[in-house]
Amino acid sequence: MKIVLQHLTKKFPARGPVRGRKNREDVIAVNDFDFEIPDGKLIGLLGPSGCGKSTALNLICGLLKPTEGKIFFGEDDVTGLPPENRGVGMVFQNYALYPHLTVEKNIQFPLENLKGADKLSKEEMSKRVLEAAKLVQIDHLLERKPNELSGGQQQRVAIARALVKLPRVLLLDEPLSNLDARLRLQTREEIRRIQQETQITTIFVTHDQDEAMSISDMIVVMKDGIVQQIGKPQNVYDDPVNLFVAKFLGTPPINVFSGEVKKEQLYIGSEAVLSTPGVSDQPVHVGIRPEGFILKEDGPLSCDLVRLEVMGRDVSIVSTHEQSQNVTIRSIIDADEGKSLPTGKVHFGLKPAKVFLFCTDTEERIRF
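The sections below set out a description of the structure shown in this document.

Cut-off values and rules
Residues numbered from 1 in each chain as written. Predicted model: local features only at pLDDT ≥ 70, side-chain atom pairs only at ≥ 80, totals over all residues. Heavy atoms only, no water. Core = buried A, V, L, I, M, F, W, Y, C linked by side-chain atoms within 4.5 Å. Buried < 20%, exposed > 50% of the residue type's maximum accessible area, 1.4 Å probe, protein only. Helix = DSSP H or I, 4+ residues; strand = E, 2+ residues; numbered from the N terminus. Contact = heavy atoms within 4.5 Å. Lys, Arg positive; Asp, Glu negative; His and termini not counted. Salt bridge = Lys/Arg side-chain N within 4 Å of Asp/Glu carboxyl O. Polar contact = N/O pair within 3.5 Å; in protein donor to acceptor, adjacent residues only side chain to side chain. Disulfide = S-S within 2.5 Å. 1 Å grid on protein atoms, 1.4 Å probe; cavity = no way out; pocket = protein on both sides within 12 Å on 5 of 7 lines; lining within 4 Å. Points joined across faces, edges and corners; volume = space filled by probe spheres on them. Nonpolar A, V, L, I, M, F, W, Y, C, P; charged D, E, K, R; others polar. Axes fitted to C-alpha atoms, helices over the stretch in contact; angles between N-to-C directions. Parallel < 35°, antiparallel > 145°, perpendicular 65-115°, else oblique. Left-handed = near helix turned anticlockwise from the far one by under 90°.

The next thing to look at is the nonpolar core. The biggest cluster of nonpolar side chains holds 34 residues, and the ones touching the most others in it are I107, I138, L163 and I191. Among the secondary structure elements, those contributing two or more residues to this core are helix 2 (103-112), helix 3 (122-135), helix 4 (151-163), strand 7 (169-173) and helix 5 (181-198). The leading source of residues in this core is helix 4, at six residues. When residues no more than four places from it in sequence are discounted, the contact partners of I191 are L42, I159, L172, P175, L176, F204 and I215. Of all hydrophobic cores here, the second largest spans 26 residues; its members include V30, F33, L59 and V205.

Looking at where D173 falls in the secondary structure, it is placed in strand 7. Buried D173, no salt bridge; nearest opposite-charge side chain is K53, N-O distance 7.2 Å. Among the polar contacts listed, one links the side chain of D173 to the side chain of S54, at a separation of 3.0 Å. Among residues more than four places away in sequence, those in contact with D173 are S54, L57, M90, V91, F92, Q93 and V205.

What follows deals with the state of the cysteines. The tally for this structure, following the rule as stated, stands at zero disulfides. A disulfide-free cysteine, C61 has its sulfur positioned 16 Å from the sulfur of C51, the nearest such atom.

Size it by volume and the largest pocket reaches roughly 840 Å³. P83, E84, V88, P110 and K165 are the residues nearest the centre of the largest pocket, which is lined by 26 residues in total. Contributions of two or more residues to the lining of the largest pocket are made by strand 6 (88-91), helix 2 and helix 4. In terms of residue class, the lining of the largest pocket is made up of 16 nonpolar, three polar and seven charged.

Considering the arrangement of structural elements, one finds G50 in the loop between strand 3 (42-46) and helix 1 (53-61). For the pair G50 and H285, spaced 235 residues apart in sequence, the C-alpha separation works out to 25 Å.

So, about empty space enclosed by the protein. A complete count under the given rule lists one cavity of 30 Å³ or more for this structure. For the largest cavity, the full set of lining residues is I159, L170, L172, I191, I194 and Q195. Elements with a minimum of two residues in the lining of the largest cavity: strand 7 and helix 5. Per-element tally for the lining of the largest cavity: the top contributor is helix 5, with three residues. Residues of the lining of the largest cavity, tallied by class, amount to five nonpolar, one polar and no charged.

All right, on to the packing of helix 2 against helix 3 then. The interhelical angle for the contact between helix 2 and helix 3, taken along N-to-C directions, is 125 degrees, at an axis separation of 9 Å. Compared by their axis directions, helix 2 and helix 3 come out oblique. Every pair of crossing elements has a handedness; the one defined by helix 2 and helix 3 is right-handed. Here helix 2 contributes E104, I107, Q108, L111 and E112 to the contact with helix 3, which in turn contributes M125, R128, V129, A132 and A133. Among the residues forming the contact of helix 2 with helix 3, the class breakdown is six nonpolar, one polar and three charged.

Below you can see the structure in the form of C-alpha cells.
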C-alpha cells in the first residue's frame, strides 16, 4: 500500500499566557511534510525527542487530525477517516497487552470487534491467530499470560496482534525502547524479517539511528517538525545535507572542528589539512567521520593523544585539538596500525569523501 503525505501540518494551540510571560505561540509539531512512501517498503522516521516523528505517525493512523494537508492510502483519501477504518496495525512502545488474557486471546482481540461482512467465525479467528503467532515465532506460548513472558516475547505478541487484522499499513512507535541491547538487536532483525515476508508497508519511529539505519529501506530525518533529509540510510550517512544530519547519524558521532578556507585550502588551526577546490574564503564547520582519518607520521592534522580504546578488529584513537567542537576526537583505525602508535602528538591524513564542510551561519553543506 503506497502512502502519500501532501503538505501535512499539525499545530497544537498555545495554552495561553503564563504569569510574567508574553502569550505563547502555537506549537508546530509537523511542518509541511511532503512524502510518498512506496508500497511494501520499511521507512524509518528518525529524530530526537520532540522532533514530530510520533505526531506524524499518529496523523497517518488517524489518532490525530491534521491542521493542514492530506493523507492518501493508495488512491484513497483517508484524511477524515477514523482509525478503525484505515486498515492500520499499530504497535506501541509499552506493548499495551491485556494482563488477564492469554497470548492467544490478546492476539485474537482485534478480530472479535469485526462486524458485518468482515465478521469471522471462531475457526477462522483461531486460524488467523495461529498464522500470526507462527510468523513472530510465539505459537508455543499461546496459553501463557503476558506476565509469564519476557519483554521480547511481549513485543512479539503486540506485533502479532497488529498483524492478525491483515493491515494495509503497519505502524511501529519506538517498539524496542523497553528492551535490553541484545534483545533490541534480535527483535529489530525479526521486525525486518516479518516485514519482508509480509510485504506490508511499514513505518518505524525511533530516536535510535542504529535501529533506523540497520532495517529501513529509507529514512526520514526530522528536527523541530521539519524534514531535514530523506534517502537510503547509507546515502544519508555519506552525503548529509546539513550539520544536524551529519551529527545525528553515526556511531561514534562525527568529529566537528572550527575551520577556515583560505585560497581553496582548508585550515584547522594553523595547519592546511585538505584541498577544497571551488570553495570561497570563509570560516566553516568541519565534520570528519571517525573512519575518515589516516594515521601518518607526516600527516597534516596533528592532535594530542589521550588514549587508545581497543574494540577488537579496530582501535579508536582518542585525542584532542584546540579547534575541536567535541570534547574529544575519535579516530577509528585498524588494530594492527594502533600497535606502533607514538605517544604525545598523533598525526593524521584525511579521506576527502569523509570530510564535510558546513556554513557557520546556516549550517548547510558546502560541497567541494
